[in-house]
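Below are the chains, spelled out letter by letter.
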Amino acid sequence: MASLEKDADGFYTPAESSTAPVVAPKVEEENDAEPAGASDLVSSTFEVAVTLADQQADPNSPLYSAKSFEALGLHQDLLKGIYDMGFSKPSKIQERAMPLLLSNPPTNMIGQSQSGTGKTAAFVLTMLSRIDYSINKPQAICLAPSRELARQIMSVVVAMGKFTQVQTEYAIKDHLPKGATRITAQVIVGTPGTMTDLMRRKVIDPSEVKVFVLDEADNMLDQDGLGDQTLRVKNMLPRTHPVQIILFSATFPDHVRAFASKFAPNANKIELQQNELSVDGIRQFYMDCKNEEHKYDILVSLYGLLTVGQSIIFCKHRQTADRISQRMTAEGHKVASLHGAKDAAERDAIIDGFREGKEKVLITTNVIARGIDILQVNMVVNYDLPLMNERDRGGDERPDIETYLHRIGRTGRFGRKGISINFVHDRKTWLQMEQIEKALGKKIIRIETNDFDEMEEKMKKALK
Ligand SMILES: Nc1ncnc2c1ncn2[C@@H]1O[C@H](COP(=O)(O)OP(=O)(O)OP(=O)(O)O)[C@@H](O)[C@H]1O
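Residues numbered from 1 in each chain as written. Predicted model: local features only at pLDDT ≥ 70, side-chain atom pairs only at ≥ 80, totals over all residues. Heavy atoms only, no water.

## Some points on the nonpolar core
One finds L74, F123, V124, M127, I153, V157 and F248 to be the most contacted residues of the largest nonpolar core, which totals 54 residues. Excluding residues within four positions of it along the chain, I153 makes contact with T120, F123, V124, C142, A144, V189 and D215. (Core = buried A, V, L, I, M, F, W, Y, C linked by side-chain atoms within 4.5 Å. Buried < 20%, exposed > 50% of the residue type's maximum accessible area, 1.4 Å probe, protein only. Contact = heavy atoms within 4.5 Å.)

## So, the pattern of salt bridges
Counted according to the given criterion, the structure contains 26 salt bridges. Note that D348 is salt-bridged to R147, the shortest N-O span being 2.8 Å. You can see D348 sitting in helix α13 (residues 344-355) and its partner R147 sitting in helix α5 (residues 147-160), a full 201 residues away along the chain. The two residues D348 and R147 agree in class, both being buried. Here R413 makes a salt bridge to D373, at a shortest N to O gap of 2.7 Å. With R413 in the loop between α14 (401-408) and β15 (418-424) and D373 in the loop between β13 (361-364) and β14 (377-382), the pair connects residues that are 40 residues apart, well separated along the chain. Judged by relative accessible area, which is 7%, R413 ranks as buried. Judged by its relative accessible area of 29%, D373 falls in the partly exposed class. Residues participating in the shared-partner salt-bridge network are R147, R151, D348 and D352. (Salt bridge = Lys/Arg side-chain N within 4 Å of Asp/Glu carboxyl O. Helix = DSSP H or I, 4+ residues; strand = E, 2+ residues; numbered from the N terminus.)

## Details of the packing of helix α10 (residues 292-301) against helix α12 (residues 318-330)
Where α10 meets α12, the closest approach of the two axes is 12 Å, and the angle between their N-to-C directions is 50°. Classified by the angle their axes make, α10 and α12 are oblique. By crossing handedness, the relation of α10 to α12 is classed as right-handed. Residues E293, Y296, L299 and V300 of α10 lie in contact with α12, whose contacting residues are I324, R327 and M328. Among the residues making up the contact of α10 with α12, the classes are represented as five nonpolar, no polar and two charged. (Axes fitted to C-alpha atoms, helices over the stretch in contact; angles between N-to-C directions. Parallel < 35°, antiparallel > 145°, perpendicular 65-115°, else oblique. Left-handed = near helix turned anticlockwise from the far one by under 90°. Nonpolar A, V, L, I, M, F, W, Y, C, P; charged D, E, K, R; others polar.)

Spelled out as structure tokens, the structure:
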């Protein structure tokens, strides 16, 4: 075994020199063109299929692919799983990333692609392709920032692996029975705190781990957030053989890029340009509210539109989410609220209920800003704009562009149309929104708050 040195960032690195760098392929520039043939969302399954096929045939779309899933060299059992899920062609990120992810010897990957463009399938198929099904030991570990996202990723592992013998287990809070001593499952999906705990207690033996995936990698590596815990997990991985490290996200802000490259050395990189970060299917609006209280009134007046499909309302504080939801409920509206102060069972029940469409409006915090994939969500409201100080950068009132992108990305999934509405209520919030607009190079259009008919018409048009 190579001798190890711990460097200033806390990484253990082999003292010997590493392999030659791989030339990083770049995603071609995409233009801003309207996807061809885009139409309304879920009016019928048939219509959606036609729309998707059109978009997947448009070389400017992030959903475009020249290849078929067969051409990506996947095992027959996985192809069956993919088709069983209703996928017919890979998306651009799948087409680009899969050959690099599956090539031998395994090479690390830092992959970036817009929200809702199919990153999950790319890393799930890699995990399922790399494990040895005859060995009952953990071989692929995937970390995500929330239990909701970990559960969703697991549902993709199970669906894609339906025709394989894969065994899976969660590393999320309050999931394993108290006395559990050893996990034999091959794929483990979880959150960093619980994963660290289970590895420390030797419930997870990482000695056979070959693939380590970070979904929402920029968030998982952020030094102000989950970075330490993620690094702890990495430092417990075996050093007797190479472990393929796979980082995926829709965003990789400058302050984590260098750390990401160190975390996944010599990685193949697929990167987006700043002007490609948001998908065109999401139409962005804002509403001028008079003050904090007026934001609530406007939200209530939007209820009819919020429930045309499903909506997610993002607030800065848990208390705001609870307060709004209690008030709206008391006024006879059906809404749910979800945040990190609720216990595990309650969180699972709330997100499952929302997924099933039992509630059409979910009021929440940044806890589910990332990754959550619910196709019926056609509206996102930023009741409070996301700010950098929510990431523990005390006093920093700049808008948090990455969180904004992830929040609005809960709609407009895989070529669907969606709407985002920002509430601004004073000069400060207006300037913050202007900064977001500038950073993304996309116009955020004003909607009148006092003309309900115009509002409704504009929004319905945006969803067409
Ligand atoms: N090739 C495909 N054909 C059809 N649908 C697909 C394909 N790949 C993925 N999807 C669907 O697209 C949706 C979005 O995929 P996914 O959740 O992986 O997006 P993502 O890129 O991880 O987004 P985010 O950055 O928000 O996490 C999912 O509902 C998924 O089932």
